[in-house]
Amino acid sequence: MVRRIYTSTRRLKEGMRIDQAIVDRSGRVLIARGAPLDDYLIESLLKMGIMGVYIREGEEDPEDQNKMEPEIPEQVQKVIEKSRVADPAKVKLSESVKQRVSEGIQFLYRNTDAADFADTTNSITRDLMKAITDNEAIAVDISALKVSDEYTFKHSVDVATMGMIVGKKHGLSDKEVYDIGISGLLHDVGKSKIPNEILNKAGKLTDEEFAIMKKHSLFGYGILKEKDDISEPISMGVLQHHEKINGKGYPMGVTKEKIHLFARILSVADIYDALVTERVYKKAYSQRDAVEMIMSMTGELDIDVMKSFMESVILYPVDCIVELSNGEKAKVVANKPGYILRPTVVGLKSGKVYHLAEDMGCASIIIK
């Protein structure tokens, strides 16, 4: 049986496995989750001021690994089959594509002056575009997208893919969907110009350091403006992805009418993906909590883009098992566009169909 235990860094011993990723401020993974520790890594943790980490003890129980879903009575199974509506086609990346994308995005962020920068960017974007068009994907299950253990690269691909799907839902042309993919891939490329002592700082940034960190979107714009084959909309998505429609974003503090649509789309994807990802200085929010936070940001995010986002991202794929706030476990049988948090589910014991999005009698029931 595997246990996750919080341990003082000074009590760590060689051979222990760390159960969290250690990430610097630029999002680069310094120690991958699950990695065995040695004396050098333990000393590095101490030098970074990290005084405690989670470690993994024990081994996986083969029986736990192979557990089947809860046994479902035949009558309930019939209700599930009758109520089941398959999810819309979702983006799927094969392992070979994930490998190419992972290697490509790492090259881009580490070689911003490379002669084949644009070619590599287009190659990655073509892979993502093909994954969308091959099965006419109109939705994304971000939990299935992982391409790298390193946050910056995973985050870039997540933001690009979500941006493309949301853009498609929002009515962008195929060319615009392709271009927003490039913009999403490169939205944080300016972090390559931030001093290492700020990027690698494990503790909280000072106001002065944060002011420098906030310049990454300007630096990214500067990198792309030097490249003749990067269009202005792509560059504007990179420049403005931290702007807010109320004028309280950065780097320019402009309001909605002056923020490019690419940036308004990427802003939602960027915030969502950052919320659901664990970092060295914060725990990950649940997908549900992250969506609720996005929904609360109507004064900062474009509400029409937010609507397209809610209709594009699937939190509870059909056939997954969830726990309801009334204590019953249920199987998801249908997702309703626009109601990301409230799919239709069937209770595994009662066989009751809960139309969470439509039935007022279910208003007090949520997925835990």
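See the structure shown above.
What comes next is a walk through the structure. (Residues numbered from 1 in each chain as written. Predicted model: local features only at pLDDT ≥ 70, side-chain atom pairs only at ≥ 80, totals over all residues. Heavy atoms only, no water.)

Looking now at empty space enclosed by the protein. For the structure shown, the criterion picks out 1 cavity of 30 Å³ or more. The volume enclosed by the largest cavity comes to roughly 50 Å³. Along the walls of the largest cavity sit Glu243, Lys244, Ile245, Ile259, Ala263, Arg264, Ser267, Glu300, Leu301 and Asp302, which together make up its complete lining. (1 Å grid on protein atoms, 1.4 Å probe; cavity = no way out; pocket = protein on both sides within 12 Å on 5 of 7 lines; lining within 4 Å. Points joined across faces, edges and corners; volume = space filled by probe spheres on them.)

All right, on to the packing of aromatic side chains then. Counted under the stated rule, the structure contains 1 aromatic pair. Positioned above the aromatic ring of phenylalanine 117, the side-chain terminus of lysine 227 is 4.5 Å from the ring centre. (Phe/Tyr/Trp six-rings, centres within 6.5 Å; stacked < 30°, edge-to-face > 60°. Lys NZ or Arg CZ within 6 Å of the ring centre and 35° of its normal.)

Further remarks concern helix α4 (residues 95-110). Since one α-helical turn is 3.6 residues long, residues separated by three or four positions face the same way. Spanning 16 residues, α4 covers 23 Å between terminal C-alpha atoms, matching the ideal 22 Å at 1.5 Å per step. For α4, the full list of buried residues reads Val97, Lys98, Val101, Ser102, Gly104, Ile105, Gln106, Leu108 and Tyr109. (Helix = DSSP H or I, 4+ residues; strand = E, 2+ residues; numbered from the N terminus. Expected span 1.5 Å × (residues − 1). Buried < 20%, exposed > 50% of the residue type's maximum accessible area, 1.4 Å probe, protein only.)

Locating serine 156 in the fold gives a position in helix α6 (residues 151-169). Linking serine 156 and leucine 186, residues 30 residues apart in sequence, is a C-alpha distance of 7.0 Å. Non-local contacts of serine 156, meaning those with residues more than four positions away in its chain, are made with Ile105, Tyr109, Gly184, Leu185 and His187. Of note is the side chain of serine 156, whose polar atom sits 2.9 Å from the side chain of tyrosine 109. (Contact = heavy atoms within 4.5 Å. Polar contact = N/O pair within 3.5 Å; in protein donor to acceptor, adjacent residues only side chain to side chain.)

Right, let's get into the side chain of aspartate 270. Here aspartate 270 shows up in helix α12 (residues 261-275). As a buried residue without a salt bridge, aspartate 270 has its nearest oppositely charged side chain in lysine 191, at a separation of 7.0 Å. In this structure the side chain of aspartate 270 is engaged in a polar contact, spanning 3.4 Å, whose partner is the side chain of histidine 187. Apart from residues lying up to four places away in sequence, aspartate 270 is in contact with His155, Val159, His187, His241 and His242. (Lys, Arg positive; Asp, Glu negative; His and termini not counted. Salt bridge = Lys/Arg side-chain N within 4 Å of Asp/Glu carboxyl O.)

Taken together, the 4 strands give an open sheet; going across it, the order is β6-β7-β8-β9, and neighbouring strands pair in antiparallel fashion. With partners counted over all chains shown, the strands left at the sheet margins are β6 (321-323) and β9 (353-355), one partner each. Strand-to-strand twist of the sheet, defined as the mean angle between neighbouring strand axes without regard to direction, takes the value 40°. Pairing of strand β8 (residues 344-347) with β9, which is carried by 3 bridges, proceeds in the antiparallel orientation. (Pairing = 2+ DSSP bridges. Axes fitted to C-alpha atoms, helices over the stretch in contact; angles between N-to-C directions.)

Attention now goes to the state of the cysteines. Applying the stated rule across the entire model yields 0 disulfides. Here cysteine 320 stays free of any disulfide, with the sulfur of cysteine 362 as its closest cysteine sulfur at 17 Å. When its relative accessible area of 1% is taken as the criterion, cysteine 362 is described as buried. (Disulfide = S-S within 2.5 Å.)

Turning our attention to the packing of helix α10 (residues 216-225) against helix α11 (residues 232-240). Two elements in contact, α10 and α11, have axes whose closest approach is 8 Å; the angle formed by their N-to-C orientations is 160°. Considering their axes alone, α10 and α11 lie roughly antiparallel with respect to each other. In this structure, α10 meets α11 at a crossing whose hand is right-handed. Residue-level contacts link Ser217, Leu218, Gly220, Tyr221, Leu224 and Lys225 of α10 to Glu232, Ile234, Ser235, Met236, Val238 and Leu239 of α11. Each residue belonging to the contact of α10 with α11 can be placed in one class, and the counts come to 7 nonpolar, 3 polar and 2 charged. (Parallel < 35°, antiparallel > 145°, perpendicular 65-115°, else oblique. Left-handed = near helix turned anticlockwise from the far one by under 90°. Nonpolar A, V, L, I, M, F, W, Y, C, P; charged D, E, K, R; others polar.)

Right, let's talk about the packing of α4 against helix α5 (residues 117-134) for a bit. Two elements in contact, α4 and α5, have axes whose closest approach is 10 Å; the angle formed by their N-to-C orientations is 150°. Between α4 and α5, the crossing angle belongs to the class labelled roughly antiparallel. α5 is crossed by α4, and the crossing has left-handed handedness. On the side of α4, the interface is formed by Val97, Arg100, Val101, Gly104, Ile105, Phe107 and Leu108, while α5 contributes Phe117, Thr120, Thr121, Ile124 and Asp127. Grouping the amino acids of the contact of α4 with α5 by side-chain chemistry returns 7 nonpolar, 3 polar and 2 charged.

All right, on to the pairing of β8 then. In β8, alternate side chains face the same way, and those of Thr344 and Val346 on one face and Val345 and Gly347 on the other are all buried. Pairing geometry for strand β7 (residues 329-334) and β8, over 4 bridges, is antiparallel. Residue pairing in the sheet places alanine 330 in a bridge with glycine 347 of β8. Between β8 and the antiparallel strand that follows it, β9, lie 5 residues; glycine 351 among them carries a positive phi value of about 75°.

For the rest of this paragraph, the subject is the pattern of salt bridges. Inspection of the entire model under this criterion finds 17 salt bridges. In this structure, arginine 100 and aspartate 127 form a salt bridge, with 2.8 Å as the shortest nitrogen-oxygen distance. Within this pair, whereas arginine 100 is found in helix α4, its partner aspartate 127 is found in helix α5, the two being separated by 27 residues in sequence. Since its relative accessible area comes to 12%, aspartate 127 is described here as buried. Taking the shortest distance from any N to any O, the salt bridge between lysine 368 and glutamate 323 comes out at 3.9 Å.

To continue, consider the sheet that holds strand β1 (residues 3-8). In spatial order, the strands read β1-β5-β2; together these 3 strands make up an open sheet with antiparallel pairing. Either end of the sheet is taken by a strand with one partner, and the two such strands are β1 and β2 (17-18). Note: β2 against strand β5 (residues 52-57), 2 bridges, orientation antiparallel. Across the sheet, arginine 17 pairs through a bridge with arginine 56, a residue of β5.

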